[in-house]
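Listed here are the chains, written in short residue letters.
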Amino acid sequence: MTQDELKQAVAKKAIEYVPAGTIVGVGTGSTANYFIDELAKIKHKIEGTVASSEASAERLRGHGIEVMDLNSVGNIEVYVDGADESTRHLHLVKGGGGALTREKIVAAASKTFVCIADESKLVGRLGAFPLPIEVIPMARSYVARQLVKLGGEPVLREGFTTDNGNVILDVHNLDIMDPVELETQLDHIVGTVTNGLFARRPADVLLLGTSKGVEVLE
């Protein structure tokens, strides 16, 4: 199976985790796009969605699916999104598409977080994929210096601005031994909006697309 076929397989599987009559949190990225396309097939069964990016909101509306403001809906029953890396502990690195802050907000507001990914995203230890950090523009250089002190090599994502009007530093060569501790440490750097570690609030379920079918990790 191709990588796209694996992504499509986990997107279809994720529909099983969507309760009828609820509001669904929807992530961002290529795998999440497959989920949006699958969600369109059952749009008459759900109340609406909350999107983690403008791009996902546009795709949802294109399918005729209502997109709601998180402030108007309260808690969300299920959130479905992809990942750039995942461990078997369901700790994730996210933000390759730059939507990490809104993704983290929607995940935090959701009862169940279902991560969908192909088998190439499963790793023994996080950190091979550069860790994205959303930063207030005026704090970019200061935050970068703090990241260097932690052993990382921050690189500004050139020509990119988040939906929140901020910049992204992609941090290479971080040794992520303790994702929960590092997530907290990074969030305490002044000028940081949030970072791409999803460890304090990890996924509840990982649907992993493999050549033998969809593996369910909980």
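Residues numbered from 1 in each chain as written. Predicted model: local features only at pLDDT ≥ 70, side-chain atom pairs only at ≥ 80, totals over all residues. Heavy atoms only, no water.

Turning our eyes to something else, we now look at the side chain of Asn195. Note that Asn195 resides in strand 10 (residues 192–195). For Asn195, a relative accessible area of 0% puts it in the buried group. Reaching out from Asn195, the side chain makes a polar contact with the backbone nitrogen of Leu197 at a distance of 3.0 Å. In contact with Asn195, other than residues within four places in its own chain, are Leu100, Lys104, Pro132, Ile133, Glu183, Leu186 and Asp187. (Helix = DSSP H or I, 4+ residues; strand = E, 2+ residues; numbered from the N terminus. Buried < 20%, exposed > 50% of the residue type's maximum accessible area, 1.4 Å probe, protein only. Polar contact = N/O pair within 3.5 Å; in protein donor to acceptor, adjacent residues only side chain to side chain. Contact = heavy atoms within 4.5 Å.)

Here we take up helix 1 (residues 3–14). The terminal C-alpha atoms of helix 1, which comprises 12 residues, lie 17 Å apart, in line with the 16 Å expected from a rise of 1.5 Å per residue. Looking only at helix 1, the buried set comprises Leu6, Lys7, Val10, Ala11 and Ala14. Projection of helix 1 onto a plane perpendicular to its axis shows the buried side chains occupying an angular sector of 140°, all on one side. Looking at the buried positions of helix 1, the neighbouring elements they touch are helix 2 (30–39), strand 3 (76–81), strand 6 (110–118), strand 12 (205–210) and strand 13 (213–217). (Expected span 1.5 Å × (residues − 1). Arc of directions from axis to C-beta.)

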